[in-house]
Amino acid sequence: PRACRRGASRANRAGLGLTVKQLFQHQTIAELARTAPERPQVLADQGTLHGAFHLTPIQTWFFAGQPPEPDYFNQSVLLKIAPGLPRARMEQALHALILHHDLLRAHFQSADGEIRGEIVGTSGAIPVTVHDLAELPEPDRIAALSADAERLQASLNIATGQLLRVALYRMGDPTAA
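These numbers were taken from a predicted model, which means no experiment stands behind them. (Residues numbered from 1 in each chain as written. Predicted model: local features only at pLDDT ≥ 70, side-chain atom pairs only at ≥ 80, totals over all residues. Heavy atoms only, no water.)

## A word on the nonpolar core
Applied cut-off: We define a nonpolar core as any set of buried Ala, Val, Leu, Ile, Met, Phe, Trp, Tyr and Cys residues linked to one another through side-chain atoms lying within 4.5 Å. Think of it in three bands: with a 1.4 Å probe and only protein chains considered, a residue is buried below 20% of the maximum accessible area for its type, exposed above 50%, and partly exposed in between. Going along the chain from the N terminus, every DSSP run of H or I of four or more residues is numbered as a helix, and every run of E of two or more is numbered as a strand. Residue contacts are defined here by distance: any two heavy atoms, one from each residue, within 4.5 Å place the two residues in contact.
Core analysis: the largest hydrophobic core is formed by seven residues, namely Met90, Leu94, Ile98, Ile126, Val128, Val166 and Leu168. Counting residues per element, this core draws most heavily on helix α5 (residues 87-100), which supplies three residues. Beyond its immediate sequence surroundings of up to four residues, isoleucine 98 is in contact with Leu104, Arg105, Thr122, Ile126 and Leu164. Core analysis: the second largest hydrophobic core is formed by six residues, Phe63, Ala106, Phe108 and Ile158 among them.

The following block contains the structure:
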């Protein structure tokens, strides 16, 4: 069964559209060839997008609710990174992330009572701010981290496209970067 799931997964990555059930029912290539759906391979341009775009249904729903603080409707993540990870590598990875995920470069502005979205080009790497909190007593480190993280979240701005902030907190842990 596991081999069939792997086989179906590989077939689907190749665009064949086979199910595990089909692999059990048709155990030769000739039989599978007769049952595989004929689907043209879709080749979509994966280049970097820019320009105006129509809002998705969830974006339309979000803005229709007229949130009092739309900039603050966001998600934060706190990660512990491997020791010695160079800051420049982090910035390169963030730049690649922003190039790949076009909506991280989006602006949302109201014009004539309508919200319009636009994806802009990238101006380079996302800066990683570094905060060395190691000298503070441990309870103060956590409080300082929380306060700064809240400040970073509050600085996000969907009208100007400031949708991502990254900070590196050095906490004095010898196993951290």
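## A look at the packing of aromatic side chains
Put simply, the rule is: Any Phe, Tyr or Trp ring, taking Trp's six-membered ring, that has another such ring centre within 6.5 Å forms a pair; planes under 30 degrees apart are called stacked, those over 60 apart edge-to-face, and the others tilted.
Summed over all chains, the structure comprises four aromatic pairs. Aromatic pair phenylalanine 62 and phenylalanine 63: ring centres 5.1 Å apart, planes at 70°, arrangement edge-to-face. The exposure classification of phenylalanine 62 matches that of phenylalanine 63, with both residues buried. For the pair phenylalanine 63 and phenylalanine 108, a centre-to-centre distance of 5.4 Å together with 40° between the ring planes defines the contact as tilted.

## Observations regarding the pattern of salt bridges
What counts is decided by this rule: Basic side-chain nitrogens of Lys or Arg form a salt bridge, by our definition, when they fall within 4 Å of a carboxyl oxygen of Asp or Glu.
Inspection of every chain in the model, using the stated rule, returns four salt bridges. For glutamate 114, the salt bridge goes to arginine 116, with nearest N and O atoms at 3.9 Å. When its relative accessible area of 42% is taken as the criterion, glutamate 114 is described as partly exposed. For the salt bridge of arginine 151 with aspartate 148, the shortest nitrogen-to-oxygen distance reads 2.8 Å. With arginine 151 and aspartate 148 both in helix α6 (residues 138-154) and three residues apart, this pair spans about one turn of that helix.

## Overview of the sheet that holds strand β2 (residues 106-111)
Backbone-to-backbone hydrogen bonds pair the strands of a sheet. The strands run either parallel or antiparallel. This is how the line gets drawn: At least two DSSP bridges between two strands are required for those strands to pair. Axis lines are fitted to C-alpha atoms, over the contacting stretch for helices. Their N-to-C directions set the angle, which ranges from 0 to 180 degrees.
The three strands are arranged β1-β3-β2 in an open sheet whose pairing can be described as antiparallel. The open sheet has two free edges, formed respectively by β1 (51-53) and β2, since each of these has just one partner strand. Taking each pair of neighbouring strands and ignoring which way they run, the sheet shows an average axis angle of 35°. Taken together, the three bridges between β1 and strand β3 (residues 114-119) define a ladder with antiparallel strand orientation. Bridging across to β3, phenylalanine 53 finds its partner in glycine 117.

## Here's the deal with a positive patch on the surface
Put simply, the test is: What makes a patch is a set of residues exposed beyond 30% relative accessible area and free of salt bridges, joined within 9 Å when like-charged and within 5 Å when nonpolar (Val, Leu, Ile, Met, Phe, Trp, Tyr). Working definition of accessibility: Shrake-Rupley area with a 1.4 Å probe, residue cover restricted to the visible protein chains. Only four residue types enter the charge count: Lys and Arg as positive, Asp and Glu as negative, with His and the chain ends excluded. Charge positions are represented by NZ for Lys, CZ for Arg, CG for Asp and CD for Glu.
Side chains of Arg2, Arg5, Arg6, Arg10 and Arg13 sit close together on the surface and give a patch of like positive charge. Within the secondary structure, arginine 6 is located in helix α1 (residues 2-13).

Shape is all these values report; function is a separate question.
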